[in-house]
Amino acid sequence: MKANLIALALLAFALLLQSGLSLFLPISAYVDLPLVVATWFALSRGELLGMVGGSVSGWLSEALFGRGISGVSGLIRLVLGFALGLLGSRFLITGAVPRFFLLLTVTVIDTRAFEWIAPAFGMSPVQYSPMAMTIRGSINAAVGLVLFALFERRTIQAT
Amino acid sequence: MDSPVPRVRTESLPMRRSWMWLLAFLIFHLVAISRQVDVGGVSMLERTLLSIFSPVQNAISAVAGGMVGTWGSVVDLHSVGSENERLKVLLRVAEVQLLSQRAAVEENARLRVLLDLKPRLPMATLLADVVARNASPWFKTISIDKGSSHGVFHGATVLSPSGVLGRVITVAPNSAGVQLLVDRDSGAAVLTERGRVDGIVSGFQDEGDGSPLLLMKYVPSLAVVEPGEVVVTSGLDQLFEKGLVVGTVLRVAEPVGLFREVWVRPSASPAFAEQVFVSLAPRDKASPPPLP
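Fair warning: this is a prediction, and the values are worked out from it, not measured in the lab.

Rules and cut-offs
- Residues numbered from 1 in each chain as written.
- Chains lettered and ligands numbered in written order.
- Predicted model: local features only at pLDDT ≥ 70, side-chain atom pairs only at ≥ 80, totals over all residues.
- Heavy atoms only, no water.
- Helix = DSSP H or I, 4+ residues; strand = E, 2+ residues; numbered from the N terminus.
- Buried < 20%, exposed > 50% of the residue type's maximum accessible area, 1.4 Å probe, protein only.
- Contact = heavy atoms within 4.5 Å.
- Areas by Shrake-Rupley, 256 points an atom, 1.4 Å probe, with all protein chains shown as cover.
- Pairing = 2+ DSSP bridges.
- Axes fitted to C-alpha atoms, helices over the stretch in contact; angles between N-to-C directions.
- Phe/Tyr/Trp six-rings, centres within 6.5 Å; stacked < 30°, edge-to-face > 60°.
- Lys NZ or Arg CZ within 6 Å of the ring centre and 35° of its normal.
- Buried area = accessible area lost by both parts, 1.4 Å probe.
- Salt bridge = Lys/Arg side-chain N within 4 Å of Asp/Glu carboxyl O.
- Polar contact = N/O pair within 3.5 Å; in protein donor to acceptor, adjacent residues only side chain to side chain.
- Nonpolar A, V, L, I, M, F, W, Y, C, P; charged D, E, K, R; others polar.
- Expected span 1.5 Å × (residues − 1).

S.K.: Any chance you could explain the overall build of chain B here in plain terms?
M.R.: A tally of regular secondary structure across chain B gives 4 helices and 12 strands. Counting across all 292 residues of chain B, residues that qualify as buried make up 36%. Here the analysis covers contacts within chain B between residues at least 6 apart in sequence; of these, 56% occur between residues at least 24 apart. As displayed, chain B has an accessible area near 17900 Å², and 63% of this comes from carbon and sulfur atoms.

Pasting the structure below:
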């Protein structure tokens, strides 16, 4: 229970850190820290908490920095969290290369799904070209690898 | 020989429960989203989250600003002596220029009275700090540290010293969310300062370097628009005051049918705006109609 609360607090912290860093660097186009944390949460805690983590990260991002209808990102990350939770409970994804491609795929699916669904609710989100999408996904995956290593070390120390 | 059957049986029950949870969460999300479609305005959830997070965002902004300022002070100590002398010289020059400009302002006021022109009332504004920038990759929004308790209202114009930055879209007591003009869903009625050509600008991302631009639409194909022309708000949309600088024309597309598109580089850079001005009173309150 305590670990789950810490993980949820970490999600809020990731969002605040991202918005704080965005004051100095235009990182939001390349890095999505709440998504990385939600991915780790889902992989390490299973589908149920993965759904909660994904949904919370989406809702927080949209409620604080979105406009118009909130919840579309939460809906997408809910499904992503569920899928990642299922994946994490059946496979041990520890290598750098599988993790990189997993994070890359998650970033691309999350972004493309939002670009696809949001117009149905009258929103026109930023559209990423295939090149920009690849760069965004790769940078986010690289940042995610570092964070995953940190989380893993922290988990091992705690146990 | 071991049979794989028990393994399948032990997993089937939690699996079914997981799918039930997924279904429940999906229904909850769809209901929550669909409720907003008809309501409009700022939801209670958004207002609550803004109220909870804005003090933390203020604190992060203050700490980060303090750290940058301290580091800057340490670095600046090296060149402070020579810079001081140089600034003293510049100050004397500026004082002389200020005197002549004061004289020009006074002369301008006298001429206005003589010509019986109605002076344009300056918009009442409030200075606000940018405490967070869009953490979401899809939208162009910022958060500021002033809200309804300071007089900020939904739809207030947000300006930077170099031009229009955007409009307030969510208001909490001590913070507000601003939709930037470079957001794809934003819009403003504008006209070119020299040619007086009308159009509507909205956010657009340059396909080359990805920098935020404005796309001016509904420009008549026969209208003459030159690169470098200043684009200002026309006030026709009743959202922005007339005459506020929006940007400069970057390039003009070939006409397609009745219209042509014009790319405008925004004059206010949203990427590194730290402080902004927010209009305080709605338009109708700022300039009440004259009494009969």
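S.K.: Honestly, the sheet that holds strand S2 (residues 141–144) of chain B in this entry has me stumped. Any pointers?
M.R.: Sheets are built from strands that pair by backbone hydrogen bonding, the pairs being arranged parallel or antiparallel. Residues and elements named next belong to chain B. Taking strand neighbours around the barrel as the criterion, the 6 strands line up as S1-S2-S5-S4-S3-S12 in a closed arrangement whose pairing is antiparallel. The average angle at which neighbouring strand axes cross in this sheet is 45°, direction not considered. Here strand S3 (residues 157–160) pairs with strand S12 (residues 275–279) via 2 bridges, running antiparallel. Looking across to S12, one finds that Val158 is bridged to Val278.

S.K.: What is the right way to look at the packing of aromatic side chains in this model?
M.R.: Any aromatic ring pair is given by two values, namely how distant the centres are and how the planes are angled relative to each other. Tallied over the full model, the rule gives 7 aromatic pairs over all chains. Look at Tyr218 of chain B and Phe259 of chain B: their rings are 5.8 Å apart centre to centre, the planes differ by 85°, and that puts the pair in the edge-to-face class. Taken as a pair, Tyr218 of chain B in strand S8 (residues 212–220) and Phe259 of chain B in strand S11 (residues 259–266) lie far apart in primary sequence, 41 residues in all. Through successive ring pairs, a cluster of aromatic residues spans Trp40, Phe148 and Phe151 of chain A. The ring of Tyr128 of chain A has Arg136 of chain A lying over it, and the distance from NZ or CZ to the ring centre is 5.4 Å. Between the NZ or CZ atom of Arg251 of chain B and the centre of the ring of Trp263 of chain B, over which it lies, the distance is 4.8 Å.

S.K.: Which parts of the structure should I look at to understand the interface of chain A and chain B?
M.R.: Where the parts come together, the accessible area they lose is often given as the size of the interface. Between chain A and chain B, the contact holds 53 residues from the first and 45 residues from the second. Approximately 4400 Å² of surface area, both sides summed, lies buried where chain A meets chain B, with 71% of it carried by carbon and sulfur atoms. The interface formed by chain A and chain B contains 0 salt bridges. Applying the counting rule to chain A against chain B returns 3 residue pairs in polar contact (both at pLDDT 80 or more). Of all the secondary structure elements, the ones that give two or more residues to the side of chain A that touches chain B are helix H1 (2–21), helix H3 (47–65), helix H4 (72–90) and helix H5 (96–117) of chain A. Tallying contributions element by element places H3 of chain A first for the side of chain A that touches chain B, with 12 residues. For the side of chain A that touches chain B, the class distribution of residues is 27 nonpolar, 17 polar and 9 charged.

S.K.: Before we go on, may I ask you to explain H3 of chain A in this structure?
M.R.: Owing to its 3.6 residues per turn, the α-helix brings residues three or four apart onto one side. Taking 1.5 Å as the rise per residue, H3 of chain A with 19 residues should run 27 Å; its terminal C-alpha atoms sit 27 Å apart, in good agreement. Within H3 of chain A, 15 of the 19 residues are buried, which leaves the element mostly enclosed by the surrounding structure.

S.K.: Would you explain the pattern of salt bridges in this entry?
M.R.: Within the structure shown, the criterion is met by 7 salt bridges over all chains. One salt bridge in this structure joins Glu152 of chain A and Arg99 of chain A, with 2.6 Å as the shortest N-O distance. Of this pair, Glu152 of chain A sits in helix H6 (residues 130–158) while Arg99 of chain A is found in helix H5, placing the two residues 53 residues apart along the sequence. With a relative accessible area of 27%, Glu152 of chain A lands in the partly exposed category. Given a relative accessible area of 7%, Arg99 of chain A falls into the buried group. Between Lys146 of chain B and Asp145 of chain B there is a salt bridge; the shortest N-O distance is 3.5 Å. Each member of the pair Lys146 of chain B and Asp145 of chain B is classed as buried. Where salt bridges share partners, they join Asp32, Arg77, Asp110 and Arg136 of chain A into one cluster.

S.K.: Looking at this model, I keep getting lost on the environment of Val56 of chain A. Mind explaining?
M.R.: Position of Val56 of chain A relative to the elements: it lies in helix H3. C-alpha of Val56 of chain A to C-alpha of Ala38 of chain A: the two residues are 18 residues apart in sequence and 8.7 Å apart in space.

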